[in-house]
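# Observations on chain architecture
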Amino acid sequence: MKMLIKGGERLEGCVSVLGAKNAIAPLIAAMLLVKGRMCFENVPRLTDLEHLLDILRGMGASVEWVGEHTLSVETNHVDPMGLDSKQMKRMRFSILLLGPMLARFQRIQVPEPGGCTIGNRPIDTHLEGLGALGASIERDDKGTMFMEADRLKGASVLATFSVTATENIVMAAVMAEGSTMIRLAAAEPHVQDLCHFLVACGAKIKGIGTHDLVIVGVQRLEAPKKPWHVVSDMLEVGTFAVAAALTKSELTINGVVPEHLYATCDALKRAGVRYELGPTSLTIQRHARYEAFKLQTMIYPGFPTDLQALFGLLATQAHGTSCIHDPLFEARMGYVSELVKMGANAVVADPHRVFITGPTSLRGTEIRSLDLRAGATMVLAGLIAEGETVIHDAEMVYRGYERLDARLVALGASITCLHE
Ligand code: EPZ
């Protein structure tokens with residue numbers, strides 16, 4: 001699919017943020033551990049999520065949409081032999097099935113998961129963590145993993161701030177024998193949401209929101225009666241905030257969680273973006289001049305790597321030379337060459353650092369969407385480029401943003417989608 005964007009339109013009005021893609025994935029995986037039917041609210045309609053739901057359905061889980069953004073899930077009758085290996089390889093977040101499947105079935109055979117092209121996506125932390133809990137793991141030359149654990153036992157493990165490794169270890173530990181100490185745990189809002197959900201099901205987890213989690217294994221997890229409202233996506237907030245800043249629009253973003261946004265708002269402020277952060281909303285004020293900034297992506301609560309490309313685009317409109325450093329991934333600068341094609345003045349100093357000088361006006365041209373967040377960046381670049389921008393492989397954006405084009409059109413953007 002390709003998106004055709006006519007630049008120069010202002011945005012106005014307000015937009016509501018949906019649940020986080022990186023929160024709903026572990027919540028769905030965790031349902032393999034939970035008895036009973038669960039209703040999740042504020043669930044975004046994303047292609048990656050649909051693939052994950054198909055994997056669960058393929059194993060016999062009952063999964064259906066019971067509302068526009070409400071999902072009902074029950075996994076009482078699930079057969080691991082129904083696991084679709086091809087689907088597992090399609091995306092990174094299927095790795096989140098490792099921990100819960102091991103805890104539930106004691107022995108599993110899974111392919112090495114796939115993922116988008118933002119760099120080497122090792123899983124050593126996942127395997128070391130599950131191994132510390134007693135899993136034996138073998139891999140064949142095709143990368144298929146054979147994992148076995150008659151009874152997972154609590155242990156002290158290091159998660160080295162890996163988001164999905166922390167989530168996998170938590171899901172393996174909540175019904176393990178004895179207690180588990182996870183040091184260097186990731187603390188992203190989506191890791192916290194998973195932990196709070198598991199506690200609501202009867203798990204015993206202390207230290208949620210910190211880098212040290214203590215988990216005492218329990219016998220059984222039961223779905224709570226009340227639906228679970230998926231935590232709102234701080235990455236969607238950042239994306240719409242940059243869209244408003246770039247188009248010099250006034251825009252209110254509703255459904256935000258202020259304490260998840262301190263690093264993002266600090267970066268906005270340092271770039272000269274004017275905003276007001278309320279108890280549940282972020283309003284970007286109309287402004288005309290942005291200043292070059294220095295940005296380093298970090299683990300939470302630092303600046304999120306998933307917003308790096310979007311702030312790289314903002315830097316093309318800021319006065320002076322900005323420096324952006326992303327130590328987490330070594331292939332997350334691909335978007336820069338696409339912006340240079342549009343007229344940006346940027347130099348990629350090494351796989352982790354880019355220097356961007358602005359302001360430069362961008363010209364519409366044909367560009368590609370390289371990964372999910374780079375795709376969103378290309379859409380926003382089209383909003384401010386002179387003339388028409390054509391984004392190829394634009395369906396990549398729907399992996400992590402529900403109807404991003406339609407929601408921008410509703411705010412005043414001029415975007416049409418065509419099948420290639
Ligand atoms: C999660 O990926 C997110 N995905 C990513 O979002 C996000 O960019 C990333 O966390 C960082 O915040 C999901 O939650 C589904 P990591 P994950 O393990 O867990 C190294 C998006 O656009 N590492 O925290 O795979 C790794 O190389 C996606 O929504 C190991 O060395 O990221 C990287 O340098 C893209 N060994 C760093 O840790 C491991 O076993 C962060 O990786 C695992 C990771």
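Quantities reported herein were computed from a predicted structural model and do not represent experimental measurements. (Residues numbered from 1 in each chain as written. Predicted model: local features only at pLDDT ≥ 70, side-chain atom pairs only at ≥ 80, totals over all residues. Heavy atoms only, no water.)

Each helix and strand in the protein was counted, giving 13 helices and 24 strands. Against the compact-globule benchmark of 22 Å for 420 residues, the protein has a radius of gyration of 21 Å, which places it among compact chains. Oriented by its inertia axes, the alpha-carbon framework of the protein measures out at about 60 × 45 × 40 Å. Taking contacts inside the protein between residues at least 6 apart in sequence as the whole, the part at least 24 apart equals 72%. Accessible surface, the protein as shown: approximately 15900 Å² in total, 53% of it carbon and sulfur. Separation of charge centres in the protein, based on 41 positive and 46 negative side chains, amounts to 2 Å. (Helix = DSSP H or I, 4+ residues; strand = E, 2+ residues; numbered from the N terminus. Rg over C-alpha atoms; globule rule 2.2 N^0.38 Å. Contact = heavy atoms within 4.5 Å. Areas by Shrake-Rupley, 256 points an atom, 1.4 Å probe, with all protein chains shown as cover. Lys, Arg positive; Asp, Glu negative; His and termini not counted. Charge placed at Lys NZ, Arg CZ, Asp CG, Glu CD.)

Attention now moves to the site of the ligand. In the vicinity of the ligand, 23 residues are found, and the nearest of them are Asp 124, Ser 162, Thr 164, Asp 306 and Leu 328. One nitrogen or oxygen atom from the main chain of Thr 125 is found 2.8 Å from an oxygen atom belonging to the ligand. Within the side chain of Asp 306, a nitrogen or oxygen atom sits 2.6 Å from an oxygen atom of the ligand. For the ligand, whose free accessible area comes to 820 Å², the fraction covered by protein is 88%. If you map the ligand onto the pockets, it falls in the largest pocket. Among the elements of the structure, helix 1 (21-30), helix 5 (124-132), helix 6 (163-173) and helix 12 (372-384) are those that each provide at least two residues to the shell around the ligand. When residues in the shell around the ligand are grouped by element, the largest group, three residues, is from helix 5. Of the residues belonging to the shell around the ligand, the class tally is nine nonpolar, seven polar and seven charged. Of the domains in this structure, domain 1 (2-17 + 232-418) and domain 2 (21-229) are the two that each give at least three residues to the shell around the ligand. (Near = heavy atom within 4 Å. Polar contact = N/O pair within 3.5 Å; in protein donor to acceptor, adjacent residues only side chain to side chain. 1 Å grid on protein atoms, 1.4 Å probe; cavity = no way out; pocket = protein on both sides within 12 Å on 5 of 7 lines; lining within 4 Å. Sits in = over half its atoms within 2 Å of the grid points. Nonpolar A, V, L, I, M, F, W, Y, C, P; charged D, E, K, R; others polar. Domains from an automatic or database assignment.)

Let's shift gears to helix 2 (residues 47-58). With 12 residues, helix 2 extends 16 Å from end C-alpha to end C-alpha; this agrees with the ideal 16 Å at 1.5 Å per step. Within helix 2, burial applies to Asp 48, Leu 49, His 51, Leu 52, Leu 53, Ile 55 and Leu 56. Just beyond helix 2, the residue with positive phi is Gly 60, at close to 105 degrees. (Expected span 1.5 Å × (residues − 1). Buried < 20%, exposed > 50% of the residue type's maximum accessible area, 1.4 Å probe, protein only.)

This part covers the domain arrangement of the protein. The assigned domain composition of the protein is domain 1 (2-17 + 232-418) and domain 2 (21-229). Counting residues at the interface gives 22 residues for domain 1 and 24 residues for domain 2. Roughly 1800 Å² of surface becomes buried between domain 1 and domain 2 when both sides are summed, with 53% attributable to carbon and sulfur atoms. Among the residues domain 1 hides against domain 2, the three largest losses belong to Tyr 300, Arg 399 and Glu 402. Together they make up 38% of the total. Inspection of the domain 1/domain 2 interface yields one salt bridge. For Asp 48, the salt bridge identified is with Arg 399, shortest N-O distance 2.9 Å. Counting the contacts that link domain 1 with domain 2 gives six residue pairs in polar contact (both at pLDDT 80 or more). Elements supplying a minimum of two residues to the side of domain 1 that touches domain 2: helix 8 (234-246) and helix 12. Broken down by class, the residue content of the side of domain 1 that touches domain 2 amounts to 11 nonpolar, three polar and eight charged. (Buried area = accessible area lost by both parts, 1.4 Å probe. Salt bridge = Lys/Arg side-chain N within 4 Å of Asp/Glu carboxyl O.)

Moving on, we come to the sheet that holds strand 6 (residues 107-110). An order of 6-8-7 is seen for the three strands of this open sheet, with the pairing classed as antiparallel. With one partner strand each, in any of the chains shown, strand 6 and strand 7 (136-139) form the two edges of the open sheet. Neighbour to neighbour, the strand axes of the sheet diverge by 15 degrees on average, direction disregarded. Direction of pairing for strand 7 relative to strand 8 (residues 145-148): antiparallel, over a ladder of four bridges. Within strand 8, the residue paired with Ser 136 across the bridge is Glu 148. Packing of helix 4 (residues 98-105) onto the sheet brings it into contact with strand 6 and strand 8, and relative to strand 6 it is tilted by some 145 degrees. (Pairing = 2+ DSSP bridges. Axes fitted to C-alpha atoms, helices over the stretch in contact; angles between N-to-C directions.)

Bringing helix 1 into the picture now. Burial analysis of helix 1 places 10 of its 10 residues in the buried class, which makes it a mostly covered element. Taken together, the buried positions of helix 1 are Lys 21, Asn 22, Ala 23, Ile 24, Ala 25, Pro 26, Leu 27, Ile 28, Ala 29 and Ala 30.

Next up on the list: the packing of aromatic side chains. Applying the stated criterion to the full structure yields four aromatic pairs. Taken together, the ring pairs connect Phe 40, Phe 197 and Trp 228 into an aromatic cluster. (Phe/Tyr/Trp six-rings, centres within 6.5 Å; stacked < 30°, edge-to-face > 60°.)

The full count for this structure, using the stated rule, is 17 salt bridges. The shortest N-O distance in the salt bridge between Glu 222 and Arg 220 comes to 2.9 Å. Relative accessible area serves as the criterion here: at 47%, Arg 220 is assigned to the partly exposed category. Here the salt bridges share partners, and the residues they tie into one network are Arg 107, Glu 148 and Asp 150.

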